[in-house]
Amino acid sequence: MLGKVALEEAFALPRNAEVTEWWAGLFAVDAAKHTREINDINKLRIEKMDKFGVGYKILSYTAPGVQDVWEQEKADALAREVNDHVAGEIKGHEDRLGAFATLSMYDPKVAADELRRCVKDYGFKGALVNDTQRNDESGSSMIFYDGPEWDIFWSTVQELDVAFYLHPRNPTGVFYEKLWAPRKWLLGPPLSFAQGVSLHLLGMVTNGVFDRFPKLKVVIGHLGEHIPFDLWRINHWFEDVKKPLGLDCKKTIREYFDQNIWITTSGHFSTPTLEYCVRELGPERILFSIDYPFESFEDACNWYDGVKLDGEKTVKQIGRDNAKQLFKLGKF
Ligand code: GRE
């Protein structure tokens, strides 16, 4: 399919070579190729978009990004630097490239103000934030965004009417040492990423964020970070056990998935799993994505271009039309 839209597409800051190398060492087999691809924003990337039928991409700063910076001033400054950098790189390519704001998640008001600046001054399409903000050197202390102190931030996201993409990051500190270091092959895509994001998103649901901000639009990648598979069980336990015990969120988990939550195909190119998600959530909640350069254009696009689903309309909805609507994209 031509004109696909992709939404979980990473770039790095060339000056941050050390961090890029460290992260590539954890996840990329070919670090030199990875560095070349992730530092490029508008050349190699647009060539690949042309070759593989991707019309438009929304870019985001690579994980763990600002969420791994444990001093607030440095985190705030890095977020602004990243946003100014990507705004400069997409200038002149607005018909092909957009961006998500990178945010420092220490202070809800600072995060809200930076998001507003990026949306108003640069036309960014929303924010992509990594699961939990590290806030001490050891990595054992972290900030979640699901408590009432974050209401000022969520009210800004809702008021600006943009989407918020909750993206995984690596576990740190005592959590890393106890849970993951002894099982290091499970770090990242095989398990830890999905566990982190699903905990955080379900925390937002059960702590009432979507009840207080019913128009909030949240996107998660990797075909829903394992939640769609568990939807029946989560619903059963929320409705039949936890609500009688005092859980006071207003709607069912299925209603939040109908009204507030979208999932993408980033890094998850399985036809039976996609077909299952279409049945479980509906085609309007699903958006194509690649997860470049952690995954390849070839794998994602060749897979999606062969997917049939229940007809061309659904394929186009997931490949492009849902994203056009959610992110109010013009012509490309
Ligand atoms: C990502 O950011 O989505 C990512 C990584 C590392 C490995 C796989 C992956 O940062 O999807």
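Residues numbered from 1 in each chain as written. Predicted model: local features only at pLDDT ≥ 70, side-chain atom pairs only at ≥ 80, totals over all residues. Heavy atoms only, no water.

As recorded in an unreviewed UniProt entry, the chain goes by Amidohydrolase-related domain-containing protein and comes from Zasmidium cellare ATCC 36951. Under Sequence similarities (unreviewed entry), UniProt gives the following word-for-word description of the chain: "Belongs to the metallo-dependent hydrolases superfamily." (UniProt positions renumbered as here; feature names shortened; annotations may be inferred.)

(A) Here's a closer look at the UniProt feature "domain: Amidohydrolase-related" (unreviewed entry) in the chain. Per the UniProt record, "domain: Amidohydrolase-related" (unreviewed entry) is found at residues 70–329. The span residues 70–329 shows a helical share of 49% and a strand share of 10%, and its end C-alpha atoms are spaced 35 Å apart. (Helix = DSSP H or I, 4+ residues; strand = E, 2+ residues; numbered from the N terminus.)

(B) Representation of the site of the ligand in the model. Neighbouring the ligand are E8, W23, F27, H167, P189, F193, H222, D291 and F294. At 3.1 Å from an oxygen atom of the ligand is found a side-chain nitrogen or oxygen belonging to E8. Take W23: an N or O atom from its side chain is 2.7 Å from an oxygen atom of the ligand. Across the complex, the protein chains shield 96% of the 280 Å² of accessible surface that the ligand would expose by itself. When grouped by side-chain class, the residues that make up the shell around the ligand number five nonpolar, two polar and two charged. (Near = heavy atom within 4 Å. Polar contact = N/O pair within 3.5 Å; in protein donor to acceptor, adjacent residues only side chain to side chain. Areas by Shrake-Rupley, 256 points an atom, 1.4 Å probe, with all protein chains shown as cover. Nonpolar A, V, L, I, M, F, W, Y, C, P; charged D, E, K, R; others polar.)

(C) The arrangement of the sheet that holds strand β3 (residues 97–99) in detail. As summarised here, the arrangement of the three strands in space is β1-β2-β3, forming an open sheet in which the pairing is parallel. Of all the strands in the sheet, just β1 (4–11) and β3 have a single pairing partner and so form its edges. Going from strand to strand, the sheet's axes swing by 30 degrees on average, the running direction of each strand aside. Of the pairings in the sheet, the one linking strand β2 (residues 54–61) to β3 comprises three bridges and is parallel in character. (Pairing = 2+ DSSP bridges. Axes fitted to C-alpha atoms, helices over the stretch in contact; angles between N-to-C directions.)

(D) Here's a closer look at helix α13 (residues 297–305). Where α13 is concerned, the buried positions are F297, A300, C301, W303 and Y304. Mapping the buried residues of α13 onto a view down its axis gives an arc of 160 degrees, with all of them on the same face. Looking at the buried side of α13, the elements it contacts are β1, α3 (44–52), β2, α12 (271–281) and α14 (312–326). (Buried < 20%, exposed > 50% of the residue type's maximum accessible area, 1.4 Å probe, protein only. Arc of directions from axis to C-beta. Contact = heavy atoms within 4.5 Å.)

(E) Broad picture of the pattern of salt bridges. Applying the stated criterion across every chain yields a total of 20 salt bridges. For E9, the salt bridge identified is with K57, shortest N-O distance 3.4 Å. Linking E9 in strand β1 with K57 in strand β2, this pair joins segments that are 48 residues apart in sequence. Judged by relative accessible area, which is 0%, K57 ranks as buried. As a salt-bridge pair, E37 and K48 come within 3.6 Å of each other at their nearest N and O atoms. Here E37, found in helix α2 (residues 31–39), pairs with K48, found in helix α3; they are 11 residues apart in sequence, far enough to count as distant. (Salt bridge = Lys/Arg side-chain N within 4 Å of Asp/Glu carboxyl O.)

(F) Main features of the nonpolar core. Counting residues in hydrophobic clusters, the biggest one holds 83 residues, and the most contacted among them are L115, F153, W154, F164 and L274. The element that contributes the greatest number of residues to this core is helix α4 (residues 72–90), accounting for seven residues. Counting residues in each nonpolar core, the second largest holds 15 residues, with L7, Y56, I58 and V219 among its members. (Core = buried A, V, L, I, M, F, W, Y, C linked by side-chain atoms within 4.5 Å.)

(G) How the structure looks around the packing of α2 against α3. Running from N to C, α2 and α3 cross one another at 90 degrees; their axes reach a closest spacing of 8 Å. Between α2 and α3, the angle falls in the class roughly perpendicular. Residues R36, E37 and I38 of α2 touch α3, and the partners they reach there are L44, R45 and K48. For the contact of α2 with α3, a count of residues per class yields two nonpolar, no polar and four charged. (Parallel < 35°, antiparallel > 145°, perpendicular 65-115°, else oblique.)

(H) Layout of the sheet that holds strand β4 (residues 126–130). On the basis of which strands lie adjacent, the open sheet formed by five strands has the order β4-β7-β8-β9-β10 and parallel pairing. Edge positions in the sheet fall to β4 and β10 (286–287), since each of these pairs with one other strand and no more. The sheet contact formed by strand β8 (residues 217–220) and strand β9 (residues 261–264) spans three bridges and is parallel. From the neighbouring strand, V218 faces β9, where its bridge partner is I261.

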